[in-house]
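Structural description and commentary
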Amino acid sequence: HRNKLPPDKDNSASSNEYFNKALQHRHNNYKTDNLRVLGVDELGFVPPCDISGRECVSALHRAKTETCKQIIANISCLIKTNPPYPKRLPHQCPTNDVKQTTIIGCFRDGKEIKLLPGYKTTLIYTNSQENCIDLCLQSGFAYAGVEYGTECFCGNETPEWGLKLPDTFCDMQCPGNLSQMCGGHYTINVFKTGVSKFIAKIASEPSPNFKHNNIPPVRIVFLLTLNGRAVRQVYRLIKALFHRDHYFFIHVDARHDYMFRELSKLELTLSNVRLSRRRHSTIWGGASLLTTLMDAMSDLVQSSWDWDFVINLSESDFPIKSNDALVKFLTVNREHNFVKSHGREVQQFIQKQGLDKTFVECEARMWRVGEKELPKGIIWDGGSDWLALSRPFVDYLVAGDTLISGLSQFFKYTLLPAESFFHTVLRNSPFCETYIDNNLHVTNWKRWLGCKCQYRHVVDWCGCSPNVFRYDDWNRIKNTEKKQVYFARKFEPIINLSIIDTLEVWLYGEYPADFKNRMSYWQNLYHYDDVYPAPDESLLIVGNSLARVATKHLTTSHTTCQIRTLDKLLQVFTYHHKDKFKGFLIQYEVSFSNNSNKLLFESWCWPKLQGIIILNKDPINRLLNFIVSSDFDKKEQMSRNFIRLIGPYTEPVLIHQWGAGEHSFAVTFLWLNPYDELINVTSTNIEESALITFSKPILPMPLSQGIWTVLLVYENVTMAYTQFLVTPLHTIKDTSIPASQMSTINKPQNYRQSFEDWTSVIKTFKNSIVLETKNKFIDRTKTKITSWVDNLITSAYNILETCIVIPCKSLNDCGLKELVTCAETSWSSYSPDPKSDIKSINKESGTLN
Ligand code: UDX
C-alpha cells in the first residue's frame, strides 16, 4: 500500500504522533497566510460567491489563465453552497454485519496476517480439491513491525478476540498471546459455511495438479496508461505480456506525441493492440487519471473484444511471473476483483489522502481550494490504484447506478481519485464479496527517498512515489517467487537496465549467446515531428550546432562533391550502456551539391565538462563526482538532464557525490560567470557518511551565456572546479530574441561588490589553471553568431563518431570519408535492439517473435 507521509526520520514517534507531524508538514507546505478576498478587479470576472477561503484565494493568485481562475472560483462556490454530489450514498453490500473485511483467504506458513485496528477481520476459507487450505497459525503475525502471537478458540467458546476456528482445525497449535497488541481491539472470525463465494481459490495458488479442464483460460486486457519517452521499454513490456488471446488498450498522456506516434505503429500490425483516441493530460495524482480509466473501461465494454479481466499498468511496471502463471491464477479466481487497501484506520487514510479536501484540475495542475464533506452511508476505502478487475464488475462500473454516479461526481474534485474510487465502489456495491486485498504488485517503496513533496509543481499536496528498482534490489523481487504477485514497479531502463535483464533471464531463461545489445538502452529526447512537449530550445541549439560541425567533417578535402547544407536535425537520443550514460546521438539529414539524394547520418556526442580535482588530499579525496546540471531527481538521487543542457532560464544545480570519511567538514562553492565575475557563494557541510547531494544557488536570470566555472574551496584553497555551458540561445520558440534582451543575456553582470573576501582565492586559481577562453560574446553580426555558437558548443561537447544510416554506392564518388553503417555499430540508435523489437506473432505459441 502507498503511504504519502514524509519519512519518520528518527523512528521514535508513535504511529499517531508521526501521522500528525506529517499532516502538519503537508499543510505547512502550502501556507497561504495574509491573503485577502479577491475582487472583480483582480479576477476580471464576478465570482459566483464571496471567495475568502485562504486556499482558494491562493489558488486564484497562482492560476495564470482566466478560464482556470473561473473554474476554481465556480467549483469552490459550488462545493461550499450546493455540492454536486449526494450527501448520502447507498451501501449495497449484502454482508452488512461486517464493518470492514479483510479477506485473507488461504494462507500458508510465514504469510503475514494484517489486522486493521478497530475492525473485524474475516478470514474465509473453503476446502476444495484443487486448492490449499493450510492455515498457518503457528508463527504469529506482524503488525506495525512487531511480531505478535495468536490465540485460538474452538468449539462453543465465544472469544472477544483471537481466532475462532472451525472444529476441523481445533488440533492446530496456536501459541502466543494477543493481549500484547498495542491498545487495539482485534477480532478475527473464521467462517466455514455460508460464504462459499469467498472460496479460498481467491487467494490461493492453483495446486500443481490443477488443470484447466473445462474452464477456459481468462483473457486479459492490459490497460496501459503511459507518459514519457521510454518507448523501447514499453515495447519490451508489451513483448513480455503479449499473447494473441490477450488485448492491449493504451492511453498516452495527451501531451506526449512521441510515445503516441511510436505506439500507433503497433495498431497497424497487431489487431489486439489499440490506442485510445480520448486522450487526457493525465498529470500525476490528477482527476483526469480516473476519467481516463473510466473512459477506457467504457470503450472496452463496448468493444467487440472478448475479455475477462482488465489490469492497468504503466510504463514503469513489468511482469515478475510468466503470463501463464498469471492466466492460471486469474482463471481460478475469475469471480474476484483485486485491489490493495491502505491498511490504516479509515479516518487517517482520508486525511492522509486529502479525500476531505476539494481539488480542482486545470492548467495541468490540481489546485487545492478548500474542504469538502464526504457522502455518508458508505464504507470508505482506498490504497493502490493498480488493479485487476473482473469483467462483471467493469460492466457494472460502466452501466452505473446511484453509488457510481455519486462517487464519480465526488472524485472529480479529489486528488489521486483512482486510488480510492474503485476500492470504495467495490466495498459498497453488490460486488463487495469479490474484494481481494491484493493488487498483484510488489512496489519498491523507499519512503525516506520517495516522499519529498516532489510533485509540488503539479499538485497542491505532498505526494510520494515508489523508487526505481536497481540491481541491488533484486532479492526483493526474487523473494516474491511464492507470493501471489505478478508485477513489480517501478522500472526505468534509463536508470537501471540490469535489473530488467536479470528479471527476464529469471523468467524466461538465459539469452542466446549472440543476443545483441542486451545491456544497451536508447531513449529518444527529440523528434522533429514533436509538437508536445515543445522541444527544449537548448537541445535544438546544441543538436543543430553539433550536426553542423559534424557535417563539415564528413567530406574529404579533395572531394568534388560538396556538402550543400545541413537540412534538418531529425532526432536526438540518449545512449546508455551497462547502466552508465554513454553520451547522446544526433541524427540529421544532409544534402550534397552533386547528389540529389539527402543522406542520413548519426553522430555520437559527449558532454565533456567534468569536475576536476586540483589537490587530491584529505578530505577532498572523498569527492567522487562534481558536475553542474539541472532537474535533480531527489528520489532517484540523480540528474535527469543527462546532456546537461542549461539555457539562460534554467536553474542550475551543482551535484556532488562523496565517499564515506572519518569527519565532517565545510566546503564553499564559488560560482563565476563567463566574465569571471563571482555571482554566488554557497557553503555546505559534508557529513561523514557517503552521500550524493546538490546545491542550488540563486542566480540572476537570464544567466550569462557561455562557460561558467564553479570552484570548490576548502580552507581558503580551491581544491576542485567544474565548468558548465549556458547554451547560447538566439531564438526562443523559433523567434529571435530581441537585440535588447540579447545584450542583457550577454553582458557582464557587475556582481563584484559583495564577495570581495574571495578575490585572492579566485586570483590564485586563475593564475594556476588555464580555462577555456571562447566564452565571450563579442560580435553579434549574423554570420559570426553561428561560429561563436559552434565554438562555444564544441568547447562543452565532443563528437566521438559518425555513421551513415543507409550506405549507398555513390558515396564513394562523393568523396565521403570512410563511414561505418549505423546498424553495424554498437552505439547507434540503428544498432539492433532485439529485446525491444516487435516483429510478427508466432503462429504456434501466440506470443511475439
Ligand atoms: C504512485 C502510485 O504508484 C500510483 O498508484 C499513483 O497514482 C501515483 O503515485 P508514481 O510512481 O508516483 O505512482 O506515479 P507514476 O507511475 O509515475 O504515474 C502514475 C500514472 O500516471 C502512470 O500511468 C503514468 O504514466 C501517468 N502519468 C504520470 C501521466 O500520464 N502523465 C504524467 O505527467 C505523470
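Refer to the preceding data block for the structure.
Heads up: these notes are all about the structure in this document. Everything numeric here is computed off the predicted structure, so don't read it as measured data.

1. Focus: the overall build of the protein
Within the protein, the secondary structure is distributed over 20 helices and 36 strands. Summing over all exposed atoms, the protein offers an accessible surface of approximately 37000 Å²; the carbon and sulfur share of this is 50%.

2. Some thoughts on the site of the ligand
Near the ligand, the surroundings consist of 21 residues, among which Thr282, Asp385, Ser465, Arg489 and Lys490 are the closest. Take Trp386: an N or O atom from its side chain is 3.1 Å from an oxygen atom of the ligand. For the ligand, whose accessible area on its own is 640 Å², the fraction buried by protein is 92%. Across the shell around the ligand, the residue classes break down as eight nonpolar, five polar and eight charged.

3. Considerations on the state of the cysteines
In this structure the tally under the stated criterion is six disulfides. Shown here is the disulfide that connects Cys49 with Cys77, its sulfur atoms set 2.1 Å apart. The disulfide joining Cys49 to Cys77 has a torsion of about -85° about its S-S bond and is therefore left-handed. Placement of the pair is Cys49 in the loop between α2 (40-43) and α3 (54-62) and Cys77 in helix α4 (residues 66-81), with a sequence separation of 28 residues. For the pair shown, Cys49 and Cys77 are each scored as buried. The residue that forms a disulfide with Cys453 is Cys462, at a sulfur-sulfur distance of 2.0 Å. Measuring handedness by torsion sign, the sulfur bridge of Cys453 and Cys462 sits at about 90° and is right-handed. Cys453 sits in the buried class, given a relative accessible area of 7%. Of all cysteine sulfurs in the structure, the one in Cys77 sits closest to Cys56, which takes part in no disulfide; the separation is 7.0 Å.

4. Considerations on the pattern of salt bridges
Taken as a whole and assessed by the stated rule, the structure comprises 32 salt bridges. Ionic pairing is found between Arg255 and Asp253, a salt bridge with its closest N-O pair at 2.6 Å. The exposure class assigned to Arg255 is partly exposed, which follows from its relative accessible area of 27%. For Lys446, the salt bridge identified is with Asp473, shortest N-O distance 3.0 Å. Of this pair, Lys446 sits in the loop between β17 (441-443) and α13 (447-450) while Asp473 is found in the loop between α13 and α14 (474-478), placing the two residues 27 residues apart along the sequence. There is no split in this pair, since Lys446 and Asp473 are both buried. One continuous salt-bridge network, built from bridges that share partners, spans Arg62, Arg365 and Asp460.

5. Details of the environment of Leu78
With respect to the element layout, Leu78 can be found in helix α4. Classification of Leu78 by relative accessible area gives partly exposed; the value is 34%. Taking the C-alpha atoms as reference points, Leu78 and Cys49, separated by 29 residues in sequence, lie 8.8 Å from one another. With sequence-adjacent residues up to four places away left out, Leu78 is seen in contact with Pro83 and Pro84.

6. So, the packing of helix α5 (residues 231-241) against helix α15 (residues 498-508)
Interaxial distance between α5 and α15 falls to 13 Å at its minimum, and their mutual angle equals 10°. The pairing of α5 with α15 is recorded here as roughly parallel in orientation. Two packed elements cross with a definite hand, and for α5 against α15 that hand is left-handed. Two secondary-structure elements touch here, α5 through Gln233, Arg236 and Ala240 and α15 through Ile500, Asp501, Glu504 and Tyr508. Split by residue class, the contact of α5 with α15 holds three nonpolar, one polar and three charged.

7. Regarding the packing of aromatic side chains
Following the criterion strictly, the structure yields 35 aromatic pairs and no others. Where Phe309 meets Phe338, the ring centres are 6.4 Å apart and the plane angle is 45°; that geometry is what we call tilted. Pair noted here: Phe309 is in strand β10 (residues 309-314) and Phe338 is in strand β12 (residues 337-339), with a separation of 29 residues, a long-range link. With respect to burial, Phe309 and Phe338 carry one shared label: buried. Ring geometry for Phe632 versus Phe694: centroids 4.7 Å apart, planes at 35°, classification tilted. Linking Phe632 in strand β25 (residues 632-633) with Phe694 in strand β30 (residues 691-695), this pair joins segments that are 62 residues apart in sequence. Judged by its relative accessible area of 14%, Phe632 falls in the buried class.

8. Section: the nonpolar core
Ranked by size, the top nonpolar core spans 70 residues in total, and within it Phe222, Ile238, Ile250, Leu263 and Leu330 carry the most contacts. Broken down by element, this core gets its largest block of residues, seven residues, from α5. Those residues within four positions of Ile238 in sequence are excluded, and the remaining contacts are Leu224, Phe248, Ile250, Leu263, Leu266, Ile838 and Leu848.

9. Some thoughts on the environment of Glu433
Among the structural elements, Glu433 can be located in the loop between α12 (421-428) and β16 (435-437). Given the relative accessible area of 14%, Glu433 is considered buried. It is 76 Å that separates the C-alpha atoms of Glu433 and Ser768, two residues lying 335 residues apart in sequence.

10. Quick notes on unusual backbone geometry
Between Arg489 and Lys490 the backbone carries a cis peptide bond, its omega angle lying at 15°. Here Lys490 lies in the loop between β18 (487-489) and α15. Residue Met701 is joined to Pro702 through a cis peptide bond whose omega torsion reads -5°. For Leu416, which is not a glycine, the phi torsion comes out positive at approximately 45°. Within the secondary structure, Leu416 is located in the loop between α11 (402-411) and α12. Here Leu416 falls in the buried class, since its relative accessible area comes to 7%. Phi angles above zero are rare outside glycine, and Asp579 is one such case at about 60°. Locating Asp579 in the fold gives a position in the loop between β20 (563-577) and β21 (580-592).

11. Some remarks on the sheet that holds strand β23 (residues 612-613)
Reading across the sheet, the five strands line up as β23-β32-β31-β28-β29 and stay open at both edges, with antiparallel pairing between neighbours. Both outer strands of the open sheet, β23 and β29 (678-686), are each paired with one neighbouring strand and no more. As judged from the two bridges shared by β23 and strand β32 (residues 717-726), these two strands associate in the antiparallel manner. Within β32, the position partnered with Ile612 by the bridge is Tyr721. Its contacts with the sheet put helix α18 (residues 759-768) on β28 (665-672), β29, β31 (706-714) and β32, and the angle it makes with β31 is roughly 115°.

12. Notes on α3
Buried within α3 are the following residues: Glu55, Cys56, Val57, Ser58, Ala59 and Leu60. Residues of α3 that are buried in the fold lie against α2, α4 and β14 (365-371).

Conventions used here
Residues numbered from 1 in each chain as written. Predicted model: local features only at pLDDT ≥ 70, side-chain atom pairs only at ≥ 80, totals over all residues. Heavy atoms only, no water. Helix = DSSP H or I, 4+ residues; strand = E, 2+ residues; numbered from the N terminus. Areas by Shrake-Rupley, 256 points an atom, 1.4 Å probe, with all protein chains shown as cover. Near = heavy atom within 4 Å. Polar contact = N/O pair within 3.5 Å; in protein donor to acceptor, adjacent residues only side chain to side chain. Nonpolar A, V, L, I, M, F, W, Y, C, P; charged D, E, K, R; others polar. Disulfide = S-S within 2.5 Å. Buried < 20%, exposed > 50% of the residue type's maximum accessible area, 1.4 Å probe, protein only. Salt bridge = Lys/Arg side-chain N within 4 Å of Asp/Glu carboxyl O. Contact = heavy atoms within 4.5 Å. Axes fitted to C-alpha atoms, helices over the stretch in contact; angles between N-to-C directions. Parallel < 35°, antiparallel > 145°, perpendicular 65-115°, else oblique. Left-handed = near helix turned anticlockwise from the far one by under 90°. Phe/Tyr/Trp six-rings, centres within 6.5 Å; stacked < 30°, edge-to-face > 60°. Core = buried A, V, L, I, M, F, W, Y, C linked by side-chain atoms within 4.5 Å. Pairing = 2+ DSSP bridges.

Note that all results are geometric; they support no functional claim without further evidence.
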